[in-house]
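Notes for the structure review
Residue-level listing of the chains:
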Amino acid sequence: MTDEGISIDSTTPSIARVYDYLLGGKDNYAVDREIGDVFKRDLPGSVGIAFANRAALTRAVKEIVTTTDVRQFIDLGSGLPTADNVHQVAQRHAPESRVVYVDNDPQVLVYGRALLEQNDRTRVVAADVRNPEDVYQHPDTRELIDFDRPVAVMFSAILHHVNDDEDPARIVRYWRDRVPSGSCFFVSHFRSGNNSETREAEKVLQQTFGRGRWRSDEEIEHLLDGLEILDPGIVPAPLWRPEAVDSQWADAGGRELTVWEHLITAGLARKP
Ligand code: SAM
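Just so it is clear, the structure is predicted and the values come from calculations on it, not from any experiment.

Focus: the confidence of the model for the protein
- Overall, the predicted model of the protein reaches an average pLDDT of 90, with 94% of residues at or above 70.
- This complex was scored by the predictor with a pTM of 0.93 and an ipTM of 0.99.

Right, here's the structure in full:
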């Protein structure tokens, strides 16, 4: 139990903390490292996948604030604070940017709120992304986000944690129908390699968390139905608008991708 009364369970692994471990963070427990090590052993590209994902997210945020008028973000399944969080990247280029972070992991809430205490243009909302109405109606969301103006809805490494029977396309549709034309949708997602490694990884995720899907390109595109997918499409994350390295997260920089880097895709779409 923390001093805010939020309960953190250090005996059961958490998606946010395992991901933090793969990114080299310190906000994780032995149970998380144990699962992280299974990934590192059976899917040696896991660390590269996590970094490639983070780098694509960073580039997408920068792209949005430098090439559009969008200055408000809803970051669904935002994760533990790490280097270059969405508000830091956005506010570096456009200080007026506002960000609502959403996660259901208690540790994300505690650490996120501590990080953001000084920043009145960011909020951390405790909610389940599978109940988008809870996020939309939340007082912090209503306070920070003006739904009459375009919004960037970020689905970074979150929709693959929503199972098929929970209908992830429904979640995207929900947001699509609530934001005005010109709004942006970023998605990054585990991409099925149709090989034993990704099938095994899916099994580990399902056994550990009861969730985790490695979807095909067609399935991932279907999640963005009704939106205009911008160039270069939904592609392996390191190939999504690569640029000279400007953060600690490396991108492809013209080199050939590893087989693992094909297993995480990224794309940016726009509501027509
Ligand atoms: N978006 C960050 C990124 O791309 O670097 C973090 C991604 S991390 C792999 C997935 C995050 O989604 C975790 O922090 C986890 O707690 C959160 N998450 C998973 N299922 C969720 C749900 N149903 N509702 C809210 N958050 C969820």
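So, unusual backbone geometry
- Looking along the chain, the bond that leaves D231 and enters P232 is cis, with omega of 5°.
- Mapped onto the elements of the fold, P232 is located in the loop between β6 (228–229) and β7 (235–236).
- Of note in this structure, D84 is not a glycine but carries a positive phi near 55°.
- Inspection of the secondary structure assignment puts D84 in the loop between β1 (72–76) and α4 (86–93).
- By the C-beta count within 10 Å, which is 18 here, D84 ends up partly exposed.

Quick look at helix α3 (residues 46–67)
- An ideal rise of 1.5 Å per residue puts 32 Å on 22 residues; α3 measures up with 31 Å between its terminal C-alpha atoms.
- By the criterion of burial, α3 is predominantly enclosed, with 18 of the 22 residues buried.

Topic: the packing of helix α1 (residues 15–22) against helix α2 (residues 30–42)
- Between α1 and α2, the least distance of the axes is 9 Å, while the angle of their chain directions is 60°. Relative to α2, α1 is oriented oblique. At the point where α1 passes α2, the crossing takes the right-handed sense. Every residue of α2 that contacts α1 at R17, V18, Y21 and L22 is listed here: D32, R33, I35, G36 and F39.
- The residue makeup of the contact of α1 with α2, split by class, is five nonpolar, one polar and three charged.

Details of the environment of G193
- Residue placement: G193 occurs in the loop between β5 (184–190) and α9 (196–209).
- Classification of G193 by C-beta neighbours within 10 Å gives partly exposed; the count is 18.
- Spatially, the C-alpha atoms of G193 and R215 are 8.7 Å apart, while their sequence positions differ by 22 residues.
- Setting aside anything within four residues of it in sequence, one finds G193 in contact with T198, H262 and L263.

Let's talk about the nonpolar core
- Counting residues in hydrophobic clusters, the biggest one holds 73 residues, and the most contacted among them are V153, F155 and F185.
- The leading source of residues in this core is α3, at 11 residues.

Brief notes about the pairing of strand β8 (residues 264–270)
- Buried residues dominate β8, accounting for six of its seven residues.
- In this structure, β5 lies alongside β8, joined through seven bridges in antiparallel fashion. Note that in β8 the partner of F185 across the bridge is A269.

Definitions and cut-offs
Residues numbered from 1 in each chain as written. Predicted model: local features only at pLDDT ≥ 70, side-chain atom pairs only at ≥ 80, totals over all residues. pLDDT = per-residue confidence, 0-100. Helix = DSSP H or I, 4+ residues; strand = E, 2+ residues; numbered from the N terminus. Buried ≥ 20, exposed ≤ 12 C-beta atoms within 10 Å, placed from the backbone. Expected span 1.5 Å × (residues − 1). Axes fitted to C-alpha atoms, helices over the stretch in contact; angles between N-to-C directions. Parallel < 35°, antiparallel > 145°, perpendicular 65-115°, else oblique. Left-handed = near helix turned anticlockwise from the far one by under 90°. Contact = placed C-beta atoms within 7 Å. Nonpolar A, V, L, I, M, F, W, Y, C, P; charged D, E, K, R; others polar. Core = buried A, V, L, I, M, F, W, Y, C linked by C-beta atoms within 7 Å. Pairing = 2+ DSSP bridges.

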